[in-house]
Each structure stands twice: as structure tokens, then as C-alpha cells.
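Reading the structure
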Amino acid sequence: MKTLITGTSQGIGKAIAALFLKEGHEVIGIDRQEAGIIHENYTHYQVDIRDRDHLPEVPGVQILINNAGTQNEDDIEINLKALIFLTEKYGIQDQIRGILNIGSASAHTGSEFPEYCASKGGVLAYTKNTAMRVAKFKATCNSLDPGGVLTPLNACVMEDEELWAQIMEETPLKKWATPEEIAQWAYFLTVTNTFCTGQCIVVDGGESINHKFIWKD
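None of these values were measured; they are calculated from a predicted model. (Residues numbered from 1 in each chain as written. Predicted model: local features only at pLDDT ≥ 70, side-chain atom pairs only at ≥ 80, totals over all residues. Heavy atoms only, no water.)

Looking now at the packing of helix H2 (residues 75-91) against helix H4 (residues 114-134). Following both chains from N to C, one finds H2 and H4 inclined at 15°, their axes separated by 8 Å at the closest point. On the basis of the axis angle, H2 is roughly parallel to H4. As H2 packs across H4, the resulting crossing turns out to be right-handed. Listed contacts from H4 to Asp-75, Ile-76, Asn-79, Leu-80, Leu-83, Ile-84, Thr-87, Glu-88 and Gly-91 of H2 are Glu-115, Tyr-116, Ala-118, Ser-119, Lys-120, Gly-122, Val-123, Tyr-126, Thr-130, Arg-133 and Val-134. The residue inventory of the contact of H2 with H4, partitioned by class, reads 9 nonpolar, 6 polar and 5 charged. (Axes fitted to C-alpha atoms, helices over the stretch in contact; angles between N-to-C directions. Helix = DSSP H or I, 4+ residues; strand = E, 2+ residues; numbered from the N terminus. Parallel < 35°, antiparallel > 145°, perpendicular 65-115°, else oblique. Left-handed = near helix turned anticlockwise from the far one by under 90°. Contact = heavy atoms within 4.5 Å. Nonpolar A, V, L, I, M, F, W, Y, C, P; charged D, E, K, R; others polar.)

What follows is the structure, encoded as C-alpha cells:
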């Protein structure tokens, strides 16, 4: 299937693109950085997703994965407004089969920076709106909302022993996800899945359900 993925040059987006290519899909990537993948079935467009005038024309998109995002850099414009524009441009059409928005566990907990949480919270609401509108095409739309993921963008805390120990204390499974684990979820929700829609699925190692109960022994 023709699959368009944003933010494919590194991290989660690169892992998702690699998995889709491995499974035989045609993949189109959009990223403001140079291509991080070379493959005969991969086409890369180096463009900022906010640059509406220079976004490519890609007819016939069957799967759309909105992965590109930022933290503390014009969060509302990139994480929410650009995502909405991309979905309306590429996703709301009769050949679409699956749309996935990469959200954040922080949208459910409010535990990060204000504009970041607000932008990802908007993604959750927009996911439900989109799911209702693409249902007439027999298509699904969900959001995948990771907690900690082992990517270069998170190196500042991953490499700090004290901070990492605090994070692990708050994470019941005592680990973060790899980009490849998130990619498996992305593939399931857009290709395997045909019935779950309008859902915002938290994948965070249990961090968001960690309610500590303190009582006398």
C-alpha cells in the first residue's frame, strides 16, 4: 500500500518507515532533514511540514502516519496545526485505509511542557473527529501515544544517571520502548487493524498508571 509518513529521518519515524518497507509497502517520507533511508521503494521529500506551499502532491495515499513533531519549538504550529493540514490534504479521501497520529502519553497526564501537552491534547481530539469522518471510507484513525522512547532526542535524560534512575522509579516495566517497538504498534494499527478506530492508545510502560499507595505496614 502507498504509505506516507512524516518525520522519517530518525527515531520513531525512521523505524516505522523501515518496517513498512520490509513488509513491501511503497513509502513516501516527509522530513525537513535529509533522508535517513535509501531503498528502491522509498521516496523522500525534504520540506518542513509547516511549509504548505511546498508540500508534495502525493495522490492515492492509503496509509497516513503523522509522526513529525517537536518539543518546545513552535509546538502548536508543528504538532497540531501542521498535522491537521496534512491529514486534510492527504488523508480525507476515498482510498484511505488507515490514519495514525503519533501523540504522547503526556496528552493524557499533562506532565510535560505547557504548549507540548496542549498540542498533543489537541491531536487526541482531532483523532476522534477524523475517525468519524473517514469511517464512510471504511478507514480507521487512531492515535498512538508513547511514553519514553529510546531516541537521540531523549539522550539528555537517558545519559544522566540520576535523572534516568528517577524515570525508571516512575516506570513499572523499568524500561523505555525502542523505536522498533513503536513501529510494530504503528503497523498493527494501520494495516492489521480494521475495526478499532477513534482511540488514543497509551504505550508507556505503565508510567501513566503508576499511582503510588502509601500505607502503614
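Counting through the fold element by element, His-25 comes out in the loop between helix H1 (11-22) and strand S2 (26-31). Of the residues examined, His-25 reaches a relative accessible area of 5% and is grouped as buried. Among the polar contacts listed, one links the side chain of His-25 to the side chain of Tyr-187, at a separation of 3.2 Å. Apart from residues lying up to four places away in sequence, His-25 is in contact with Met-1, Thr-3, Phe-20, Asn-41, Ile-63, Tyr-187 and Val-191. (Buried < 20%, exposed > 50% of the residue type's maximum accessible area, 1.4 Å probe, protein only. Polar contact = N/O pair within 3.5 Å; in protein donor to acceptor, adjacent residues only side chain to side chain.)

Turning our eyes to something else, we now look at the nonpolar core. Ile-16, Phe-20, Val-27, Ile-65, Leu-100, Leu-144 and Ile-182 are the most contacted members of the largest nonpolar core, which has 25 residues in total. For this core, the secondary-structure elements that each account for two or more residues are H1, strand S4 (63-66), strand S5 (98-102), helix H7 (179-192) and strand S7 (200-203). In this structure, Ile-182 is in contact with Ile-12, Leu-144, Pro-146, Val-149, Ala-177 and Val-203, ignoring residues within four places of it in sequence. One finds Ile-28, Tyr-90, Ile-99 and Phe-137 within the second-largest nonpolar core, a separate group that totals 21 residues. (Core = buried A, V, L, I, M, F, W, Y, C linked by side-chain atoms within 4.5 Å.)

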